[in-house]
Number of protein chains: 2
Amino acid sequence: MRATTIHAPFDMRVEDVPDPVIQDSTDVVLRVLRACICGSDLWAYRGESARQPGQRIGHEFLGIVEAAGSDVTGFAAGDLVVAPFVWSDGTCEYCAEGLQTSCPRGGFWGSVGSDGGQGEAVRVPFADGTLVKLPADAASDDHLLTALLALSDVLGTGHHAALGAGVRPGSTVAVVGDGAVGLCGVLAAKRLGAERIIALGRHTARTDIARAFGATDVVAERGEAAEAAVRELTGGQGAHGVIEAVGTEQSMRTAVAITRDGGSIGYVGVPHGSGTGLDLSVMFDRNIALRGGVAPVRAYIPELLPDVLAGTIDPSPVFDLTVDLDGVPAGYKSMEDRTALKVLVKP
Amino acid sequence: MRATTIHAPFDMRVEDVPDPVIQDSTDVVLRVLRACICGSDLWAYRGESARQPGQRIGHEFLGIVEAAGSDVTGFAAGDLVVAPFVWSDGTCEYCAEGLQTSCPRGGFWGSVGSDGGQGEAVRVPFADGTLVKLPADAASDDHLLTALLALSDVLGTGHHAALGAGVRPGSTVAVVGDGAVGLCGVLAAKRLGAERIIALGRHTARTDIARAFGATDVVAERGEAAEAAVRELTGGQGAHGVIEAVGTEQSMRTAVAITRDGGSIGYVGVPHGSGTGLDLSVMFDRNIALRGGVAPVRAYIPELLPDVLAGTIDPSPVFDLTVDLDGVPAGYKSMEDRTALKVLVKP
C-alpha cells in the first residue's frame, strides 16, 4: 500500500510500504476513508519533534474494517469505524476510568513500528478497546464523514479543553488558539452551555468559523493588548474558564493573565519550549487551576457522536483544504504556511 | 498595647504600639486570646519576603470583641470570634462565591497600616464579612480554644489542599510537607474519606502526628527515593491526589512525580524560588491537574467549625510550643530551627 512517511524536516513522502496484516488476534486492518493533518504533526514536520527517517505519520482517521483478528468481538469486515488518536486495550484500570491515553498497552499512531493514519490502510491493535463503530450509511455521506473524522482528535480534544476549563451553563470562556483545536474548543464550550465565548485570533477566515461555532466576541489583538481586551470584555475580571490550544510559553502566559480568579485553564496545546509560561505566584494568589493534557478522546466519542450524527454540532468547517494521498506533502506545506487551517486527506 | 513587629531579618520585637480604635463603621476591635506563628511568617523572618521596618506580623488569631462600629450587625462586645487570615467585605461577587481571598477590598493582616495577629488587639475591617462567631463557652476551654485557632489558617488551608487534590471517599492521597499545613492536609483528607494517606516526612515527632491524624503510611525518604517509595506503595501508579504544602521547586517536582495519571495536585505552599518545579510535558502526557492557591479559609470555617466543636477533628496537636507575647521572638527562632512545629501565642 501507499502511506506518508517522514524522512527529515520538511521531507514528507508518499511511498510504497508493506500492506498491514493481522499480527495479533485482537488486531483489525482498516482501509482509510478519511484522514487529516494535525497541527501537532507540524512539530515533526519542522523537526522540532524527532522522528526516525521513514517513520509513518498521521493519527486521525476513519475507515472500513477489512479484516479482524480471531479475538475481535466488536467489529467485522465492512464496518465503518473511527479511531481515536491513540490505541488502548480497553481492559485496564485506566481504560475503565476513561483515561485511555494512560493505557499501559496503548500507543500513538505513527510511532516506530506502527502505521500512521495518512496512508491507505492501518493495522489497529486492540481493536475492541480502540475503535468506535459508526452508522454504515454515513460512508456515503461525504459531509457527515468529514464531520465524523473530527471525532478522532480535534473535537474530543476541544471537549477535553472545555472540561478542563470548567465550562458550565452560563460560563464566560476565552479561547487562546485559532487552530482546529481552538475552534473545536469554541464548539465544545458552546455545547456545554457557555454564555459568552471570547475567541482570540487575527485571521478572519478562522474567526469567522469561531463565530459560526458560537464565539460571541473576537479579540484580534495579541500579547498584553489581547489580555487588556479580554479584561475589558469581562468587567476587568477575566474569563471563568480559558481554553489553551497552542502550547507555547506565550500562549500559556496569556491564558493565565485572562483567567478570572478562581477559574481554570483547560490546556490541550502540546507543550513546547523550555519554560512553562506559568507564573505560579500569580496563579496561587488568584486560585487559578490548570487542568488538561492529552485528551482521552476514546472516552468522549460515545458522548459526542450522537450530536455529530444529529447535526447539532458540525466541526467539518475546520477542514478547509482537501488532498489525495499524493497531495499530503503539499498539504503539510499549506498548513505550515498557514494558507490552510486543517487538511483533509482522501486516500 | 503591645504587639510583635519585624524590623529586619531575624529582628523580631515586641513593642508598645497605638491601641487599635474603630476607624470605619464596619470595624471591630478585638482582644486577642490566641494567636500563632505560621510557617509562611518565616519567609519574612528570614528576609525572603520584604517587610518595612516596624511592620506588624501574624495572621492567625481568635479573641473577644471589645468594640464594634455602628454598622456592624453580626457582632457585639463580648463575642468570641475567629478571624481568617485575610479580611474581606462579605458583599462582593468573590465573597458571595466563597473566594474571599480575591475580595477587592480584602487584605492581609500585618500588611502596611494594618494590625497583626501577634499582638494584644487587632482592628478588624469589614467585621461582618470577615469574622466568624464561636460559642461563648469555648473561651474557658483551653484545649478547644487551641483547636479552634487552627480554623484561622492551617486547618482551612489543609482542607483547600485536599479539595484541590480531589480527595474523595476511597482516594489514595500523598502529602508533601510535614509542617502544620501538611498535617492539617492529612486531617482534611481523612475527613473527606481518603482510604490511604501517605505522609512524606522524616521527623518522627511530626509523622507521629500525621499518623494520629489519619496517615496510613509514612515515607521518610527524600527526592527520588521518596518518589520510588510512593510508587511502590501505590502499585507503581502514584496517588490519586497529592497535597503540596511546602512551596519549593523540589516539593512541586516531587508532587508531580508521585501523582497518578489523571490525578490532581492540591497546592497550598506559598510558591518560592525562581522556577515552578512543574514539568508541563509530563503533566500533559499524564493529565495531571494543578489546583489550589491561597485558601479562602473564610468560606470553609462554617463547614469545619462543627467538626472541631464536636471533637470529630482536633488539629490542636500541631501546636507544640506555647509562648506569651514576650516569647514570640524566641518562638520564631524555635520554628526556624525546627525545634518547634508551630508556636501558640497567648498574649
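Values in this document were obtained by computation on a predicted structure and should not be read as measured data.

**Notes on the pairing of strand E12 (residues 196-200) of chain B**
All names here are of chain B. Across the five residues of E12, four count as buried, placing the element largely inside the fold. Direction of pairing for strand E11 (residues 172-176) relative to E12: parallel, over a ladder of five bridges. When the bridges of E12 are listed, Ala174 appears paired with Ile198. Since E11 and E12 lie parallel, the crossover through helix H6 (residues 180-191) that links them has a hand, and here it is right-handed. In this region the chain leaves E12, passes through helix H7 (residues 204-213) and returns to the parallel neighbour strand E13 (residues 217-219); the handedness of that crossover is right-handed.

**Things to note about empty space enclosed by the protein**
Leftover empty space is mapped by rolling, across the atoms, a probe with the size of a water molecule. Residue and element names in this part refer to chain A. Scanning the entire structure with this criterion turns up two cavities of 30 Å³ or more. For the largest cavity, the calculated volume is near 50 Å³. Taken together, Val175, Gly177, Asp178, Gly182, Leu183, Val186, Ala199, Leu200, Gly201, Arg206, Thr207 and Ala210 make up the full set of residues lining the largest cavity. Residue assignment for the lining of the largest cavity shows that the elements contributing at least two residues are helix H6 (180-191), strand E12 (196-200) and helix H7 (204-213). For the lining of the largest cavity, a count of residues per class yields six nonpolar, four polar and two charged. Roughly 40 Å³ of volume is contained in the second largest cavity.

**Considerations on the sheet that holds strand E4 (residues 55-56) of chain A**
Residues and elements named next belong to chain A. Spatially, the three strands line up as an open sheet ordered E2-E1-E4, and their pairing is antiparallel. The outermost strands of the open sheet, each flanked by one partner alone, are strand E2 (11-16) and E4. Across six bridges, strand E1 (residues 2-8) lies against E2 in antiparallel orientation. By the bridge assignment for E2, Ala3 is matched with Glu15.

**Quick word on the environment of Asp307(B)**
All names here are of chain B. Within the secondary structure, Asp307 sits in helix H11 (residues 297-310). In this structure, the C-alpha to C-alpha distance between Asp307 and Pro329, residues 22 residues apart in sequence, is 33 Å. Setting aside its immediate chain neighbours within four residues, Asp307 contacts Arg191, Thr312 and Ile313.

**Notes on the relation of the copies chain A and chain B**
Of the transformation placing chain A onto chain B, the axial shift is 0.0 Å and the rotation is 180°, giving an RMSD of 0.0 Å. Taken together, the turn and the small shift mark the pair as related by a two-fold rotation axis. For chain A, the residue whose C-alpha comes nearest the rotation axis is Leu290(A), separated from it by 2.5 Å. Interface overlap between copies: 100% of the residues of chain A at the interface are likewise at the interface in chain B, consistent with a symmetric, same-surface contact.

**Examining the UniProt feature "domain: Alcohol dehydrogenase-like C-terminal" (unreviewed entry) in chain A**
According to UniProt, the positions carrying the feature "domain: Alcohol dehydrogenase-like C-terminal" (unreviewed entry) are residues 180-305 of chain A. Along residues 180-305 of chain A the backbone is 46% helical and 21% strand, and the end-to-end C-alpha distance reaches 18 Å.

Analysis parameters
Residues numbered from 1 in each chain as written. Chains lettered and ligands numbered in written order. Predicted model: local features only at pLDDT ≥ 70, side-chain atom pairs only at ≥ 80, totals over all residues. Heavy atoms only, no water. Buried < 20%, exposed > 50% of the residue type's maximum accessible area, 1.4 Å probe, protein only. Helix = DSSP H or I, 4+ residues; strand = E, 2+ residues; numbered from the N terminus. Pairing = 2+ DSSP bridges. Right-handed = clockwise from strand over helix to strand, strands pointing away. 1 Å grid on protein atoms, 1.4 Å probe; cavity = no way out; pocket = protein on both sides within 12 Å on 5 of 7 lines; lining within 4 Å. Points joined across faces, edges and corners; volume = space filled by probe spheres on them. Nonpolar A, V, L, I, M, F, W, Y, C, P; charged D, E, K, R; others polar. Contact = heavy atoms within 4.5 Å. Least-squares fit on C-alpha atoms with pLDDT ≥ 70 in both. UniProt positions renumbered as here; feature names shortened; annotations may be inferred.

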